[in-house]
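Chain residues, written in single-letter form:
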Amino acid sequence: MVNEVMEKALNKQLNAELYSGYLYLSMAAYFEDNDLAGFANYMRVQAHEEQDHAMKFYDYIIRRGAKVTLTEIEAPQTEWKGVIPAFEHVLEHEKMVTGLIDDLVDLAIEQKDHATNNFLQWYVEEQVEEEENAMENLAKVKLADGNPQILYKINEELSAREHHPIDE
Ligand code: OFO
């Protein structure tokens, strides 16, 4: 079983993952509204991935005999000043999430909860990928700055992204 301190912290991270999904779905809507369907698809898939991250916490909390408690999800930003500010936001957001996961790992170690520490290592690795993707995408859109042809190509490329369920 997880103790009450871990139960609270895991539920808090479940909420943070749902918020990430909400933020990326909001970005998807923003790109739809700006006729960038490929960018919108990318963010929609990202939102789906975040939902998977949340459900992984959901399942783990239950497996450890604790209770899932859903709380209010903060309203995300709805407008950005273009693709570069949007992808800068993604990178900043993912760096912040990495910090949250690192704090959770610290807490699990402090609480001598080795199983939770082990469970969280999946997220530690996932955050490396999340930041890597965010940096790559930001570099790409910066290259396209002021060049509609490159932006069009990136938009096409991002339209190919598909959702794949998490491997256990
Ligand atoms: Fe859940 O990784 Fe992004 O936020």
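You'll find the structure just up there.
Residues numbered from 1 in each chain as written. Predicted model: local features only at pLDDT ≥ 70, side-chain atom pairs only at ≥ 80, totals over all residues. Heavy atoms only, no water.

A. Local environment of the nonpolar core. Membership of the largest hydrophobic core comes to 26 residues, with the highest contact counts inside it found for M27, F31, F39, M43 and F87. At the level of elements, α1 (4-33), α2 (37-63), α3 (83-110), α4 (114-143) and α5 (148-158) are the ones that each hand at least two residues to this core. Top contributing element to this core by residue count: α1, with seven residues. Setting aside its immediate chain neighbours within four residues, M27 contacts M43, W80, A86, H89 and V90. L14, A54, I61 and A108 belong to the second-largest nonpolar core, a separate cluster that totals 21 residues. (Core = buried A, V, L, I, M, F, W, Y, C linked by side-chain atoms within 4.5 Å. Buried < 20%, exposed > 50% of the residue type's maximum accessible area, 1.4 Å probe, protein only. Helix = DSSP H or I, 4+ residues; strand = E, 2+ residues; numbered from the N terminus. Contact = heavy atoms within 4.5 Å.)

B. Structural context of α5. Listing the buried residues of α5 in full gives I154, N155 and L158. Seen from one end, α5 has its buried residues packed into an arc of 105 degrees, which puts them on one side. More than 90 degrees from the buried face of α5, the exposed residues found are Q149, Y152 and K153. Two or three places before Q149, at the opening of α5, N147 has a side-chain oxygen 3.1 Å from that residue's backbone nitrogen. (Arc of directions from axis to C-beta. Polar contact = N/O pair within 3.5 Å; in protein donor to acceptor, adjacent residues only side chain to side chain.)

C. Quick look at the packing of aromatic side chains. Enumeration according to the criterion identifies 10 aromatic pairs in this entry. Between Y30 and W80 the ring centres are 5.5 Å apart and the planes differ by 65 degrees, which places this aromatic pair in the edge-to-face class. Of this pair, Y30 sits in helix α1 while W80 sits in the loop between α2 and α3, placing them 50 residues apart in sequence. Pair check on accessibility: Y30 and W80 agree, each one buried. (Phe/Tyr/Trp six-rings, centres within 6.5 Å; stacked < 30°, edge-to-face > 60°.)

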